[in-house]
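Chain and residue survey
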Amino acid sequence: MTKQKTLKIVQVGIGAWGYSWIKVIQESSEWELAGIVDLNSALLEKACAEYGVDPNTTFTSLSEAIEKLDADAVLVTTPPEYHAPVVNEALEKGLNCIVEKPLADTVEAAKSMVETAERTGKKLMISQNYRFKRAPRTVKEVLKSGVVGEVGNVFINFHKAPVFEGYRSEMDEPLLTDMAIHHFDQIRSILGVEPVSVTATSWNPKWSWFKGNAVTQVRFDMSNGSKIIYNGNWVSTGSTTTWDGDWNIQGDGGEVYWSNNKVVVRTNDLYKTVFMKGAVEVNGELHYDLVNLPSEERLGSLYEFASAIKEDRQPETSGADNMNSIAMVLGALLSVKTGRTVTIDEVLGKPALTTV
């Protein structure tokens, strides 16, 4: 028997990435697509033809959609600079909001959404969909078990060669602005610690098909004293990683190596390699089974959003929680621009300095 969907959502924005969200909502066990809003009427017609959307539920104005549709929430998939006005309008009119990452392009805009959510009592969640995957959840559980001790060094390598159309190809810092938020948010989630400062540089190789800088190196100093080194490359001419990247997480008792959806522990304690729950020994290493999740990726985001509403709690990736993740991105951008180390407190305390 098919589970009855209990919540209705309006999607705002169906550009290149947003368009693929329609099918995700239709596949969700929790959400029913109440309607779609976009300024481009041709895209609305295309969605009706491809996904069977009722033309009477498509609008070019959010205000009109809210007035005419019965909905519990809004999904915002517009470019980041338009998030705040759409989210704030929806929250003010009594709808919960889930927003594509990044939350905003400035700290000031991000804070306005968080403050509106708190004042209206509505849920504001950022779809940090990379959190809702089996591999990172497994790494998080492994670290919580203490098998590698206290973490001190983390090395993340991310290499891809995507060819985008639209605003990503025109950004000054496409990798840092659009992609790195996934990995930076993963750092906070997996390690359970917060960023203190960031030092970053970026550049664009002569063969790059991006207008802006598509390669970056970033160092974070974290609240527990650990150091994170992030190497990102969106114009790789050689090997590539998964979208999660390759992670070496080193503690005083060993290393967690996460690559290609495999989680391996190399411990310096001989007895720990004999048996660990959820793992098998392979040539002196512990290979972990991936944990089970009710839903993954964007479906995982929608599941968490629905659960938070039904249980009347804050979602894991709430707007308030996401402030430190967006500050990592904006701090890295400011560091690139100024050529100096930037503190997270500085980013959060001086929004005028952090505009992308």
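Just so you know, these numbers come straight off a predicted model, no measurement behind them. (Residues numbered from 1 in each chain as written. Predicted model: local features only at pLDDT ≥ 70, side-chain atom pairs only at ≥ 80, totals over all residues. Heavy atoms only, no water.)

**A few points about the nonpolar core**
Here is the rule: For the purposes of this section, nonpolar cores are sets of buried Ala, Val, Leu, Ile, Met, Phe, Trp, Tyr and Cys residues that join through side-chain atoms within 4.5 Å. Relative accessibility thresholds used throughout: buried, under 20% of the residue-type maximum; exposed, over 50%; partly exposed, between the two (1.4 Å probe, protein chains only). Working rule for contacts: check all heavy atoms of both residues, and any pair within 4.5 Å makes them a contact.
Residues Phe184, Ile187, Leu191 and Ile249 are the most contacted members of the largest nonpolar core, which totals 85 residues. With residues near it in sequence (within four places) discarded, isoleucine 249 still touches Val139, Leu143, Val151, Asn153, Val154, Ile190, Leu191, Gly254, Glu255 and Val256. With 25 residues, the next largest nonpolar core counts Cys48, Ile98, Phe132 and Leu302 among its residues.

**A short note on the side chain of threonine 317**
Spelled out, the test is: A helix here means a DSSP run of H or I that spans at least four residues, while a strand means a run of E at least two residues long, and both kinds are numbered starting from the N terminus. Polar contact criterion, stated in full: a pair of N or O atoms within 3.5 Å, where within protein one must be able to donate a hydrogen and the other to accept it, and residues adjacent in sequence count only if both atoms are side-chain atoms.
Take threonine 317: it is sitting in the loop between helix H9 (297–311) and helix H10 (319–338). At 2.7 Å, the side chain of threonine 317 forms a polar contact with the backbone oxygen of isoleucine 126. Each residue touching threonine 317, except ones within four places of it in the same chain, is listed here: Leu124, Met125, Ile126, Gln128, Arg131 and Phe132.

**So, the environment of serine 61**
In this structure, serine 61 sits in the loop between strand E3 (58–59) and helix H3 (62–68). Sequence-wise, serine 61 and aspartate 38 are 23 residues apart; in three dimensions their C-alpha atoms are separated by 7.2 Å. One polar contact links the side chain of serine 61 to the main-chain amide nitrogen of serine 63, over a distance of 3.3 Å.

**Some points on unusual backbone geometry**
With omega at -10°, the peptide bond leading from lysine 101 into proline 102 counts as cis. Here proline 102 shows up in the loop between strand E5 (96–100) and helix H5 (107–120). Its identity as a non-glycine residue notwithstanding, aspartate 312 has a phi of 50°, on the positive side. Looking at the secondary structure, you find aspartate 312 in the loop between H9 and H10.

**A closer look at the packing of helix H1 (residues 16–27) against helix H2 (residues 41–51)**
In a pair of packed helices, the angle between the axes and the distance between the axes together describe the arrangement. Cut-off, in case you're wondering: Every axis corresponds to a line fitted to the C-alpha atoms, with the helix fit spanning only the stretch in contact, and the corresponding angles, defined between N-to-C directions, vary from 0 to 180 degrees. Crossings are classed by handedness, with left-handed meaning an anticlockwise turn of the near helix from the far one by less than a right angle and right-handed meaning a clockwise turn. Classification used: nonpolar for Ala, Val, Leu, Ile, Met, Phe, Trp, Tyr, Cys and Pro, charged for Asp, Glu, Lys and Arg, polar for all others including Gly.
Contact geometry for H1 and H2: axes closest at 11 Å, N-to-C directions at 35°. At the point where H1 passes H2, the crossing takes the right-handed sense. Residue-level contacts link Tyr19, Ser20, Ile22, Lys23 and Gln26 of H1 to Leu43, Lys46, Ala47, Glu50 and Tyr51 of H2. Residues that form the contact of H1 with H2 fall into these classes: five nonpolar, two polar and three charged.

**Details of the environment of valine 10**
Tracing the chain through its elements places valine 10 in strand E1 (residues 7–12). Sequence-wise, valine 10 and tyrosine 230 are 220 residues apart; in three dimensions their C-alpha atoms are separated by 36 Å. Not counting chain neighbours up to four residues away, the residues in contact with valine 10 comprise Ala34, Gly35, Val37, Ala65, Leu69, Ala71, Ala73, Val74 and Leu75.

**Regarding a nonpolar patch on the surface**
The condition is simple: To count toward a patch, a residue needs a relative accessible area above 30% and no salt bridge. Like charges then connect within 9 Å, nonpolar side chains (Val, Leu, Ile, Met, Phe, Trp, Tyr) within 5 Å. Only the protein chains shown count as cover for residues, and all accessible areas are computed by the Shrake-Rupley method using a 1.4 Å probe. Salt bridges are defined as contacts in which a side-chain nitrogen from Lys or Arg sits within 4 Å of a carboxyl oxygen from Asp or Glu.
On the surface, a nonpolar cluster with roughly 350 Å² of combined accessible area is contributed by Val163, Trp207 and Trp209. Locating tryptophan 207 in the fold gives a position in the loop between strand E8 (195–203) and strand E9 (215–222). For tryptophan 207, a relative accessible area of 46% translates into the label partly exposed.

**Quick notes on the sheet that holds strand E4 (residues 73–76)**
Cut-off, in case you're wondering: Strand pairing follows a simple DSSP-based rule, namely that at least 2 bridges must link the two strands.
Taken in spatial order, the six strands line up as E3-E2-E1-E4-E5-E6 in an open sheet, and their pairing is parallel. On the outer flanks of this sheet lie E3 and strand E6 (124–127), each paired with one strand and no other. The pairing of E4 with E5 spans four bridges and is classified as parallel. Paired with alanine 73 across the bridge in E5 is asparagine 96.

**Some details on the sheet that holds strand E7 (residues 151–159)**
Taking strand neighbours across the sheet as the criterion, the ten strands line up as E14-E15-E13-E12-E11-E7-E10-E9-E8-E16 in an open arrangement whose pairing is mixed. Strands at the two margins of the open sheet, each flanked by one partner only, are strand E14 (279–282) and strand E16 (342–343). In this structure, E7 lies alongside strand E11 (residues 246–251), joined through six bridges in antiparallel fashion. Paired with valine 154 across the strands is isoleucine 249, a residue of E11. Running over the sheet, helix H6 (residues 134–144) touches E7, E11, strand E12 (254–259), strand E13 (262–267) and strand E15 (285–288) and is turned about 175° from E12.

**Re the packing of aromatic side chains**
Stated formally: Working definition: a ring pair exists when centres of Phe, Tyr or Trp rings (six-membered ring for Trp) sit within 6.5 Å. Plane angles under 30 degrees give stacked, over 60 give edge-to-face, the rest tilted. Throughout this description, the term charge over a ring refers to an Arg CZ or Lys NZ atom that lies within 6 Å of the ring centre and within 35 degrees of the ring normal.
With the rule as written, the count across this model stands at ten aromatic pairs. Judged by centre distance (5.3 Å) and plane angle (50°), the rings of tyrosine 19 and tyrosine 51 are tilted. Of this pair, tyrosine 19 sits in helix H1 while tyrosine 51 sits in helix H2, placing them 32 residues apart in sequence. Each member of the pair, tyrosine 19 as well as tyrosine 51, is classed as buried. An aromatic cluster is defined as three or more aromatic residues linked by ring pairs; in this entry it consists of Phe164, Trp209, Phe210 and Trp234. Geometry around tyrosine 19 places lysine 46 over its ring, the cationic atom sitting 4.9 Å from the centre. Residue placement shows arginine 298 over the ring face of tryptophan 21; its charged tip is 5.2 Å from the ring centre.

**Some thoughts on the side chain of serine 295**
Mapped onto the elements of the fold, serine 295 is located in the loop between E15 and H9. Since its relative accessible area comes to 18%, serine 295 is described here as buried. For serine 295, the residues in contact, after removing those within four places along its chain, are Phe132, Gly300 and Tyr303.

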